[in-house]
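Report on the structure
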Amino acid sequence: MGRITVRRRVTRITVGGGAVRREDVLAVEEPLEIRVGGRALAITMRTPGHDFDLAAGFLVSEGVVSRAEHFAAARYCAGATVDGENTYNVLDVTLGPGVPAPDPSLERNFFTTSSCGLCGKASIDAERTLSAYDVADDDLRIAAELLAVFPDRLRAGQDVFEKTGGLHAAALFDGSTGEMLVLREDVGRHNAVDKVVGWALTQGLLPLRGMVLMVSGRASFELTQKASMAGIPFLAAVSAPSSLAVDLAVEIGMTVVGFLRGPSMVVYAGEHRLVSGVDSRTPGAREEAVAK
């Protein structure tokens, strides 16, 4: 699995049962410096893999790009070390013709940690970024029975988590068919979402109308905002949302569902998008989703 996982010698201790030395698998965490046009913009701690998607999604989240044509290219930078070695931890993005360079105020002066996608923002006001898309008028309607199968499908796709137990996951589901379009894992939940959004950007899918973003942890303000920036009308999480996440969702007309586990869920905002029973527009959707 390359640089995504590493093996380390560990000691497993069981109270009353002694200690056992063995090898364990850990998720890799390394810094990624994101440059735009050769100028450093941010450093984020991430799990290597799908780095171009991560950079693209990060730029969507920051309001720098919103269409596939805005993101022209990305490349790893050689010469990142004194001996000229390419560490694959420095990435330079080329924006499309006519796309303005990021405002210098976006530059992060210190690390974006794997637990905080907002670290390095210059002010509280800078945490709010205006989206190019309006999710309030999205006419997505989804049956609770269909939504209830998403967590199991997300968990089944978490290959690296299965080996390490140390990664967050985010996935994009078609709200009409229940099809999982893409899943990404990362030590940072915000990175996992950026990788999903970045993939969608490069596929020319933005805005993501009629889609559900499913995350393996809690629904924070930053994840709600990232969904908004991609035009996603529905955010679902296996754990709780924060108060600020719900406030933002209510303000912009997004649906937020938390504690989505088995047949149970809690709707915190946008209840009108949940319907009782299988949606009449998608006959057989639940049976098809369960079968998958």
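For the structure itself, consult the block above.
Read on for a plain summary of the structure. Throughout this document, residue positions are counted from 1 along each chain, in the order its sequence is written. Local features in this predicted model are restricted to residues whose pLDDT is 70 or higher, and side-chain atom pairs enter the listing and the counts only when it is 80 or higher, whereas totals over whole chains, interfaces and linings include all residues. Where side-chain values are given, they derive from all heavy atoms of the structure, hydrogens and water being excluded.

So, the side chain of Arg 46
For clarity, the threshold we go by: Numbering goes from the N terminus for both helices and strands, where a helix is a DSSP run of H or I of at least four residues and a strand is a run of E of at least two. Burial classes follow relative accessibility: with a 1.4 Å probe on protein chains only, a residue under 20% of its type's maximum area counts as buried, one over 50% as exposed, and anything between as partly exposed. Pairs of N or O atoms within 3.5 Å make up the polar contacts considered here, provided that, within protein, one atom can donate a hydrogen while the other can accept it, and that residues adjacent in sequence are counted only when both atoms are side-chain atoms.
Mapped onto the fold, Arg 46 is located in strand S4 (residues 39-46). For Arg 46, a relative accessible area of 0% corresponds to the buried category. Of the polar contacts made by the side chain of Arg 46, one reaches the backbone oxygen of Pro 31; its length is 3.0 Å.

Some words on the sheet that holds strand S12 (residues 255-261)
The condition is simple: Only strands that DSSP links by at least two bridges are regarded as paired with each other. Here the axes come from fitting lines to C-alpha atoms, over the contacting stretch only for helices, and the angles between their N-to-C directions go from 0 to 180 degrees.
Taking strand neighbours across the sheet as the criterion, the six strands line up as S9-S8-S10-S11-S12-S13 in an open arrangement whose pairing is mixed. Whereas interior strands pair on both sides, the edge strands pair on one side only; in this sheet they are strand S9 (180-186) and strand S13 (264-269). Recorded for the sheet is a direction-independent mean angle of 20° between the axes of neighbouring strands. Taken together, the three bridges between strand S11 (residues 234-237) and S12 define a ladder with parallel strand orientation.

As for helix H5 (residues 189-202)
Residues that lie three or four places apart on an α-helix share one face, since the helix turns once every 3.6 residues. As a reminder of what qualifies: To estimate the expected span of a helix, count its residues, drop one, and scale the result by 1.5 Å.
If you check H5, its first and last C-alpha atoms are 20 Å apart, about what 14 residues at 1.5 Å a residue would give, namely 20 Å. Across the 14 residues that make up H5, a large majority, 13, are buried. Immediately beyond the C-terminal end of H5, within one or two residues, lies Gly 204, with a positive phi of roughly 70°.

Regarding the pattern of salt bridges
Here is the rule we go by: Within this document, salt bridges are pairs made up of a side-chain nitrogen of Lys or Arg and a carboxyl oxygen of Asp or Glu, the two lying within 4 Å of each other.
The final tally for this structure, using the stated rule, is nine salt bridges. As a salt-bridge pair, Arg 22 and Asp 24 come within 3.9 Å of each other at their nearest N and O atoms. Close ionic contact of Arg 209 with Asp 137 constitutes a salt bridge, the shortest N to O distance being 3.3 Å. Note that Arg 209 is positioned in the loop between H5 and strand S10 (211-215) and Asp 137 in the loop between strand S6 (90-95) and strand S7 (142-143), a separation of 72 residues in sequence.

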